[in-house]
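Tertiary structure, described
The chain contents come next:
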Amino acid sequence: MNTVQVTIRTEFIRMDALLKLAGLVMTGGEAKAVIQGGEVTFNGETCLMRGKKVRQGDKVGYDGNVVEVIGE
């Protein structure tokens, strides 16, 4: 399992945008499909909301990768 740290400068980032920013998907459409297909976890639980607000300290999992959100 690979862990990727993504730094955000705002209060939150939408889950679909985070997957794109981390390079785990190429397009917003792909992000929507994998999230709504139940392939993405949010802090260890399956999440089907592509607009889920992800904040510092949260972890998103997809395809054997974990994205950890950190702040500046």
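Residues numbered from 1 in each chain as written. Predicted model: local features only at pLDDT ≥ 70, side-chain atom pairs only at ≥ 80, totals over all residues. Heavy atoms only, no water.

Right, let's talk about the overall build of the protein chain for a bit. What the protein chain contains, in helices and strands, is two helices and seven strands. When the helices and strands of the protein chain are listed from N to C terminus, the series reads β-β-α-α-β-β-β-β-β. In terms of overall size, the protein chain behaves like a compact globule, its C-alpha atoms giving a radius of gyration of 11 Å where 72 residues would be expected to give roughly 11 Å. Summarising its shape, the C-alpha atoms of the protein chain cover approximately 30 × 25 × 20 Å along the three principal directions. Counting all 72 residues of the protein chain, 35% fall into the buried class. If you take every contact in the protein chain between residues at least 6 apart in sequence, the share linking residues at least 24 apart comes to 48%. Summed over its atoms, the accessible surface of the protein chain is roughly 4,300 Å², and 46% of this surface lies on carbon and sulfur atoms. Charge separation in the protein chain, taken as the distance between the mean sites of 9 positive and 9 negative side-chain charges, equals 7 Å. (Helix = DSSP H or I, 4+ residues; strand = E, 2+ residues; numbered from the N terminus. Rg over C-alpha atoms; globule rule 2.2 N^0.38 Å. Buried < 20%, exposed > 50% of the residue type's maximum accessible area, 1.4 Å probe, protein only. Contact = heavy atoms within 4.5 Å. Areas by Shrake-Rupley, 256 points an atom, 1.4 Å probe, with all protein chains shown as cover. Lys, Arg positive; Asp, Glu negative; His and termini not counted. Charge placed at Lys NZ, Arg CZ, Asp CG, Glu CD.)

Let us now look at the nonpolar core. Met-15, Leu-18, Leu-19, Val-40, Val-54 and Val-60 are the most contacted members of the largest nonpolar core, which has 20 residues in total. For this core, the elements supplying multiple residues, two or more each, are strand 1 (2–8), helix 1 (15–21), helix 2 (28–36), strand 3 (40–42), strand 6 (59–62) and strand 7 (65–71). (Core = buried A, V, L, I, M, F, W, Y, C linked by side-chain atoms within 4.5 Å.)

A positive phi angle, close to 50°, is found at Asn-43, a residue other than glycine. Here Asn-43 is to be found in the loop between strand 3 and strand 4 (45–46). Not every positive phi belongs to a glycine, and Asp-63 is a case in point at roughly 55°. Within the fold, Asp-63 resides in the loop between strand 6 and strand 7.

In this section: the environment of Leu-18. Relative to the elements of secondary structure, Leu-18 occurs in helix 1. Here Leu-18 falls in the buried class, since its relative accessible area comes to 0%. C-alpha of Leu-18 to C-alpha of Ala-31: the two residues are 13 residues apart in sequence and 9.2 Å apart in space. Setting aside residues no more than four positions away along its own chain, Leu-18 makes contact with Val-6, Ile-13, Val-54, Val-60, Val-67 and Val-69.

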